[in-house]
Amino acid sequence: VKAPRTLRPLVFLLLGIAILLPFAPLVIWSFSESWFFPDLLPARFGLRAWTYVFDIAGAQIVSALWQSVAVSAVTALISVTVGVPAGRVLGLYQFRAKNLVAVLLVLPVIVPSLSVAMGLHLWFLRLGLTETAAGVILVHLTFCLPYAVFVMWGVFANYNPDFEDQARSLGASTLQVISRVMLPFIWTGVAVAGLFSFLLSWSQYLSTLIIGGGTITTLPILLFALMGSGDRPVAAAVSLVFVAPALGALILTTKSMGQRNLTGVW
Amino acid sequence: MMVQPATEGTQARAQSPPGRLPHLLLLTPALLVVVALFGGGLFMGLLQSLGHLPAAGLKNLSLAHFGALFKDPDFLTSLRLTLYVAATATLVATLISVALALFLVRASRLNRLMSFLLQIPLTVPHLVVAVAMIFLLTPTGLIARLAAWLGLSDTVQGFPLLVNDTWCIGMIAAYVWKEVPFITLMILSVLGSTGVELLDVGRTLKAGPWQRFRFITLPTIFPSLSAAALIVFAYTFGAFEVPFLMGRTYPMLLPVWAYKSYSDVDLMARPEGIATGLVIAAVVSLTIVLAHAILSYSRRRGMVL
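Rules behind the numbers
- Every residue gets a number counted from 1 within its own chain, in the order that chain's sequence is written.
- All chains are assigned letters beginning with A, and all ligands numbers beginning with 1, in the order in which they are written.
- Only residues with pLDDT of 70 or above have their local features reported here, since the model is predicted, and side-chain atom pairs are shown and tallied only from 80 upward, although totals for entire chains, interfaces and linings are computed over all residues.
- The side-chain values count all of the structure's non-hydrogen atoms but skip hydrogen atoms and water molecules.
- Secondary structure elements are defined from DSSP: runs of H or I of at least 4 residues count as helices, runs of E of at least 2 residues count as strands, and each element is numbered from the N terminus.
- Residues enter a nonpolar core if they are buried and are Ala, Val, Leu, Ile, Met, Phe, Trp, Tyr or Cys, with the set joined through side-chain atoms within 4.5 Å.
- Exposure categories follow from relative accessible area, calculated using a 1.4 Å probe and restricted to protein chains: below 20% of the type maximum is buried, above 50% is exposed, and the middle band is partly exposed.
- Contacts are assigned to residue pairs with any non-hydrogen atoms lying within 4.5 Å of each other.
- Reported buried area values correspond to the accessible surface (1.4 Å probe) lost by two parts on association, with both partners' losses combined.
- When a carboxyl oxygen of Asp or Glu lies within 4 Å of a side-chain nitrogen of Lys or Arg, that pair is called a salt bridge.
- Nitrogen and oxygen atoms within 3.5 Å of one another constitute a polar contact, given that in protein one can donate a hydrogen and the other can accept it, and given that sequence-neighbouring residues count only through two side-chain atoms.
- On a range of 0 to 100, pLDDT expresses the predictor's confidence in each residue.
- Axis definition: a line fit to C-alpha positions, over the contact stretch in the case of helices; interaxial angles, taken between N-to-C directions, run 0 to 180 degrees.
- Roughly parallel means an angle under 35 degrees; roughly antiparallel means over 145; roughly perpendicular covers 65 to 115; every other angle is labelled oblique.
- Take the far helix as your reference; a near helix turned counterclockwise from it by less than a right angle gives a left-handed crossing, and one turned clockwise gives a right-handed crossing.
- Any residue that is not Ala, Val, Leu, Ile, Met, Phe, Trp, Tyr, Cys, Pro, Asp, Glu, Lys or Arg is counted as polar, Gly included; the first ten are nonpolar and the last four charged.
- Nonpolar side chains (Val, Leu, Ile, Met, Phe, Trp, Tyr) are joined into patches within 5 Å and like charges within 9 Å, using only residues with over 30% relative accessible area and no salt bridge.
- Accessible surface area values rest on a Shrake-Rupley calculation with a 1.4 Å probe, where residue burial reflects the displayed protein chains alone.
- Working definition: a ring pair exists when centres of Phe, Tyr or Trp rings (six-membered ring for Trp) sit within 6.5 Å. Plane angles under 30 degrees give stacked, over 60 give edge-to-face, the rest tilted.
- Consider the ring centre and the ring normal. A charge sits over the ring if Lys NZ or Arg CZ is within 6 Å of that centre and within 35 degrees of that normal.

Q: Quick one: what's the story with unusual backbone geometry, residue by residue and with numbers?
A: Glycine aside, residues mostly have negative phi, and peptide bonds are mostly found in the trans state. Residue P38 of chain A follows F37 of chain A across a cis peptide bond; omega there is 0°. Tracing the sequence through the fold places P38 of chain A in the loop between β1 (32-34) and β2 (44-45). Cis rather than trans, the peptide bond between Y250 of chain B and P251 of chain B has omega equal to -10°. Tracing the chain through its elements places P251 of chain B in the loop between α9 (241-246) and α10 (254-262).

Below you can see the structure in the form of structure tokens.
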């Protein structure tokens, strides 16, 4: 049965509304000065929340923003550096333990970080890694690295190493083969792997709290505190700041890479 | 997402080129990190939940904490509630996803705007989804205001409780919103490539719509669908942010219960918190291994491309 032509736009419209609706209260709240029930829209719009975020409470929120960026960027960098070689092996070669390795790598992505972080805390305590950025980065690596490996695995499964042999037969050194042959082929994949790791680390709350002990205040830690304080406009504004990098990345990758790209993050 | 990248085999070599053995060497750093941090974290957790205290050493390891856990009626209530939320969210998301994927495949092609829209929920952190759903669904939220504006209910009391409620409706809505695109895209990746041609074959053989769904579409999407559903179930079962912000203070969902016990001022509660975390890890791991088994079995049979 063909879907009736008139029904099609309707379903698209409903789907669009369903997807975009949750953003509506965030945007409205972040621009509201006073909004009492049961008014559909705020009595007064204004920039109080946004001024608060970037000026008055600026020190705290901007500092959280930078801590988030720093932790996520370093996590992503390490994930990609370690993930590319591993992805290459998994994508290009068959070996017996491959299935086992796949399971071993998929578990940390989905087993909740709280199960791991609660155990790691005692260990990190002895190593002096609790309440440090290094400790938080390490606990984020637990699931960001496997994720990067999976992305690179997929990239290398579609990679033809014959070009490397050709370059080598023409006298290229290993370093030249990597920089002139391999990297140009895989760089979009590397970017996606880095992006995924960044976003995954960016959205972490509980593992940061357990290992960072409140000393490392990333954006999600701040957002939870704000939700507790009940200042809805500011919580809404910070939520939008929090979701911005992911949405920006989505728009960027949709433009540059077309269809299947961010389907992995969830 | 990928339990294992699907597009394999074209270039994969039987073994490494002769004379070189870079495999394990290149794989080692990644495996070391995962085994040390993930394995180490779970192992250290296990030690503590077996009663190991830093001061007391390794003596007196016992299953007492796990035993106490499974005798605690509050724990069992939390476990049941968590299973209910994860199962309901997965079921609802799966049903919507199947319908949506069938619709999108029939609407000839997933147009760019639609595929962009569909990817939005994938990028939004659960924490923000929870905040947005709270602003949307509480008795003073946007939907309640909309209902008041339409004259349907004009008091806070007139609107049903959807957040911090008995049936976790808001929580389930948050998960469904977040996971439907994931399952839908998993199904579409299979359906887009094989489904349409097979359906044409079915049509020429005079199969009705239900027959085509039951004997062509469903078998085609089943492995991916069940793997996606299991992944969603596993994720929902262990997630913390959404139930922490949207759940009631009693009964709590298991991840919230685990963290509450872990961070309790009473240090004796800590091992039980960690033990709960390990129970969650065990449930999630079993679910994922099952998903992986389904996918690799059907891939070997050539059922998934």
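Let's pick the thread back up.
Q: Please provide a residue-by-residue account of the nonpolar core, values included.
A: F135, L245 and M246 of chain B are the most contacted members of the largest nonpolar core, which totals 181 residues. Tallying contributions element by element places helix α7 (residues 133-157) of chain A first for this core, with 15 residues.

Q: Break down the interface of chain A and chain B for me, citing the residues and quoting the values.
A: Contacts between the two partners involve 104 residues from chain A, matched on the other side by 107 residues from chain B. Across the chain A/chain B interface, buried area totals approximately 9,500 Å², and carbon plus sulfur atoms make up 75% of it. Where chain A touches chain B, the interface holds 0 salt bridges. Across the chain A-chain B interface, the total number found is 8 residue pairs in polar contact (both at pLDDT 80 or more).

Q: Give me the lowdown on the confidence of the model for chain B, citing residues and values where you can.
A: Residue and element names in this part refer to chain B. Residues with a pLDDT of 70 or more make up 86% of chain B, whose mean pLDDT is 84. Low pLDDT, under 50, characterises residues 1-12; the predicted model gives this stretch 43 contacts beyond four residues in sequence or across chains. Overall fold confidence for the complex sits at a pTM of 0.88, while the interface term, ipTM, reaches 0.87.

Q: Can you explain the packing of helix α5 (residues 98-110) of chain A against helix α11 (residues 269-300) of chain B? Please cite residues and give values.
A: Contact geometry of α5 of chain A with α11 of chain B gives a least axis separation of 10 Å together with a crossing angle of 135°. Classified by the angle their axes make, α5 of chain A and α11 of chain B are oblique. When the axes of α5 of chain A and α11 of chain B are compared, the crossing they make is right-handed. On α11 of chain B, the residues touching N99, A102, V103, V106, L107 and I110 of chain A of α5 of chain A are V284, S285, I288, V289 and H292 of chain B. A breakdown of the residues in the contact of α5 of chain A with α11 of chain B according to their chemical character gives 8 nonpolar, 3 polar and no charged.

Q: If you had to explain a nonpolar patch on the surface to someone new, which residues and values would you point to?
A: Among the surface-exposed residues, V27, F31, L41, F45 and L47 of chain A lie close enough to one another that they form a single nonpolar patch of about 480 Å² accessible area. Here V27 of chain A lies in helix α2 (residues 23-30).

Q: Help me get a handle on the packing of aromatic side chains, residues and values and all.
A: Counted under the stated rule, the structure contains 25 aromatic pairs over all chains. Summarising the aromatic geometry, the rings of Y159 of chain A and F185 of chain A are spaced 5.9 Å apart at their centres and angled 75° between planes, so their arrangement reads as edge-to-face. Taken as a pair, Y159 of chain A in the loop between α7 and α8 (162-169) and F185 of chain A in helix α9 (residues 174-202) lie far apart in primary sequence, 26 residues in all. Where Y84 of chain B meets W167 of chain B, the ring centres are 5.9 Å apart and the plane angle is 75°; that geometry is what we call edge-to-face. Pair noted here: Y84 of chain B is in helix α3 (residues 73-106) and W167 of chain B is in the loop between α6 (142-149) and α7 (169-204), with a separation of 83 residues, a long-range link. Since its relative accessible area comes to 27%, Y84 of chain B is described here as partly exposed. By relative accessible area, W167 of chain B is classed as exposed at 56%. Each residue in the set Y205 and F224 of chain A together with F240, F244, Y259 and Y262 of chain B is aromatic and connected to the rest through ring pairs, giving one cluster. Sitting over the ring of W35 of chain A, R145 of chain B keeps its end group 4.1 Å from the ring centre.

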